[in-house]
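Topology and contacts: notes
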Amino acid sequence: MPTIFFYGPELDKDKKRELIDSFTKKASELTDIPESAFVVYLQSSTPDQVGVGGKLLEDKQKE
């Protein structure tokens, strides 16, 4: 069972549906694995929970 994990900003329900559909279709197309086999997990993360280059993303956005 192929699994796709996406960590990113909070999305509304319609965008979540679209993202899951897009990931699944493209992954299936590239791997020749049926779409029905894919599992997609969406995890929201805020800038105060992400580090980039040794700093909180929240702090980098203020620079």
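Cut-offs used in this document
Within every chain, residues take consecutive numbers counted from 1 along the sequence as written. In view of the model being predicted, local features appear only for residues whose pLDDT reaches at least 70, and side-chain atom pairs are presented and counted only at 80 or more, with totals across whole chains, interfaces and linings using the full set of residues. The side-chain values count all of the structure's non-hydrogen atoms but skip hydrogen atoms and water molecules. Runs of E in the DSSP output that reach at least two residues are strands. Runs of H or I that reach at least four are helices, and both are numbered from the N terminus. Relative accessibility thresholds used throughout: buried, under 20% of the residue-type maximum; exposed, over 50%; partly exposed, between the two (1.4 Å probe, protein chains only). When a carboxyl oxygen of Asp or Glu lies within 4 Å of a side-chain nitrogen of Lys or Arg, that pair is called a salt bridge. Polar contacts here mean pairs of N or O atoms no more than 3.5 Å apart (in protein, one a potential hydrogen donor and the other a potential acceptor; neighbouring residues in sequence count only if both atoms are side-chain atoms). Contact criterion: two residues are considered in contact whenever any of their non-hydrogen atoms come within 4.5 Å of each other. Here the expected length of a helix is defined as 1.5 Å per residue gap, with one fewer gap than residues. In this description, the arc belongs to the directions extending from the helix axis to the C-beta atoms.

Across residues other than glycine, the phi torsion is negative in most instances, and most of the peptide bonds are trans. You will see that Asp32, though not glycine, has its phi angle at about 60°, which is positive. Secondary-structure assignment places Asp32 in the loop between helix H1 (13–31) and strand E2 (39–44). The class of Asp32 is exposed, set by a relative accessible area of 71%.

This next bit is on the pattern of salt bridges. Opposite charge on two side chains makes pairing possible when the charged atoms of those side chains draw close. Summed over the entire model, instances satisfying the criterion amount to five salt bridges. Between Glu29 and Lys26 there is a salt bridge, with its nearest N and O atoms 3.2 Å apart. Of the two residues, Glu29 and Lys26 both sit in helix H1, three residues apart, roughly one turn of that helix. The shortest N-O distance in the salt bridge between Lys55 and Glu63 comes to 3.0 Å. Taking relative accessible area as the criterion, Lys55 reaches 42% and is therefore assigned partly exposed.

Positionally, Thr24 belongs in helix H1. Its relative accessible area of 11% is what places Thr24 among the buried residues. A distance of 2.8 Å separates a polar side-chain atom of Thr24 from the backbone oxygen of Ile20. Beyond its immediate chain neighbours, meaning those up to four positions away, Thr24 contacts Glu35, Phe38 and Val40.

Turning our attention to H1. The end-to-end C-alpha separation of H1 is 27 Å, in line with the 27 Å expected for 19 residues at 1.5 Å each. Listed as buried for H1 are Leu19, Thr24, Ala27 and Ser28. Angularly, the buried residues of H1 cover 150° about the axis, an arc narrow enough to put them on a single face. Among the exposed residues of H1, those oriented more than 90 degrees off its buried face are Asp14, Glu18, Glu29 and Leu30. Contacts made by the buried residues of H1 are with strand E1 (3–8) and E2. Of the residues flanking the start of H1, the one acting as N-cap is Asp12, its side-chain oxygen 3.1 Å from the backbone nitrogen of Asp14. Immediately beyond the C-terminal end of H1, within one or two residues, lies Asp32, with a positive phi of roughly 60°.

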